[in-house]
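# A closer look at the structure
Next come the chains, spelled out residue by residue.
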Amino acid sequence: MILADYHLHTSFSSDSESPMEDMIKKAISLGLKTICFTEHHDIDYPDNPDDFDFLLDLPSYKENLFTMKEQFKDQIEINYGVELGLMPTTLKKCSDFVKDEPFDFIIGSTHIVDFMDPYDAIYFETYPAGKGLAHYFEDILKNVSSFDDYCVYGHIDYAARYIKDPSFEFHYSDYSDLLDTILKTIIDHGKGIEVNTAGLKYGMNDPNPHHDIIKRYLELGGEIITIGSDGHCPKHMAYDFHKLPDFLSSLGVRYYTIFRNKKPEFIKL
């Protein structure tokens, strides 16, 4: 069993309305031993119809989390995290945001490319599926080449969730130069990747990232893999985690990782 969910959002993230206490109680009922809240902080997120700004109220979040951590300490371990939305233009501001803050865990993610979120239809209307995905990977490469204040890179093929073209198929070989360089950079910097089961929630055959990306990460010497549901409400917590042990073992994964004080700890599958 996977007993830790390391990608969770509550009402402190613009795109969630779930109280933190509700998420914690659900985690306990699921038998999870450790959870980490990773609220969104996306500096310069573009204007959008939902009027989400994705800017984290850090003092309120921190106060609430540590109150909950104490309240539920005998039932579950609650860790302090953040998901940074990275763009090449905001990396210095992101570094300043996390500097000296005692996070247990930091996810670096790419949500915005050319001031568009692939979640919104305009992205793949602007770029055809294959080109749009390549352009997304190009921005990830810029981010991991210049930014080091993270523990794992989140949902590396996030953009693929929103490709509507039914004829599109992902083949690692189509992006191997880009992806190999991204993965080598992540590994060389001592960072990891996450396996994010929201891909399954969106109807993909794999979690994010695609199994070939996970496999190649291992081939290149990567070892740090966290597991997260990307749950924004209680019912999506630990989403399809029961499928992961066999799936990951088939790729050669022997351990998953949790973080405390930004230090990785390995748990056997």
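Treat the numbers as computed from the prediction; the structure is a model and nothing was measured.

What follows is about the overall build of the chain. The number of helices and strands found in the chain is 9 helices and 9 strands. For 269 residues, the compact-globule estimate of 2.2 N^0.38 gives 18 Å, and the chain sits close to it at 17 Å. In terms of overall dimensions, the chain has C-alpha extents of about 50 × 40 × 35 Å along its principal axes. With 269 residues in all, the chain has 56% of them scored as buried. Here the contacts in the chain between residues at least 6 apart in sequence split such that 72% fall between residues at least 24 apart. Just so you have it, the chain exposes about 12,000 Å², and 48% of that area is on carbon and sulfur atoms.

Right, let's get into the sheet that holds strand β7 (residues 225–228). Read across the sheet, 7 strands follow the order β1-β2-β3-β4-β5-β6-β7 without closing on themselves; strand pairing throughout is parallel. Looking along the sheet, the strands with just one partner apiece sit at the ends: β1 (4–8) and β7. As paired elements, strand β2 (residues 34–41) and strand β3 (residues 77–85) share 8 bridges and run parallel to each other. By the bridge assignment for β3, His-40 is matched with Glu-83.

Its 18 residues give helix α5 (residues 129–146) an end-to-end C-alpha distance of 26 Å, which sits within 8% of 26 Å, the value for a rise of 1.5 Å per residue. Of the positions making up α5, those classed as buried are Ala-129, Gly-132, Leu-133, Ala-134, His-135, Tyr-136, Phe-137, Asp-139, Ile-140, Leu-141, Asn-143 and Val-144. Elements in contact with the buried residues of α5: α3 (91–98), α4 (121–126), β5 (152–153) and α6 (176–188).

We now examine the pairing of β1. Among the 5 residues that make up β1, 5 are buried, leaving the element largely enclosed by the rest of the structure. After leaving β1, the chain enters helix α1 (residues 20–29) and then returns to the sheet as β2, a path that is right-handed.

This next bit is on the packing of aromatic side chains. All told, the structure shown has 19 aromatic pairs when counted by the stated rule. Measuring from centroid to centroid gives 5.6 Å for Tyr-61 and Tyr-80, while their planes differ by 45°, and the two rings are tilted. With Tyr-61 in helix α2 (residues 58–71) and Tyr-80 in strand β3, this residue pair connects regions lying 19 residues apart in the sequence. We classify Tyr-80 as buried; its relative accessible area is 0%.

Conventions used here
Residues numbered from 1 in each chain as written. Predicted model: local features only at pLDDT ≥ 70, side-chain atom pairs only at ≥ 80, totals over all residues. Heavy atoms only, no water. Helix = DSSP H or I, 4+ residues; strand = E, 2+ residues; numbered from the N terminus. Rg over C-alpha atoms; globule rule 2.2 N^0.38 Å. Buried < 20%, exposed > 50% of the residue type's maximum accessible area, 1.4 Å probe, protein only. Contact = heavy atoms within 4.5 Å. Areas by Shrake-Rupley, 256 points an atom, 1.4 Å probe, with all protein chains shown as cover. Pairing = 2+ DSSP bridges. Expected span 1.5 Å × (residues − 1). Right-handed = clockwise from strand over helix to strand, strands pointing away. Phe/Tyr/Trp six-rings, centres within 6.5 Å; stacked < 30°, edge-to-face > 60°.

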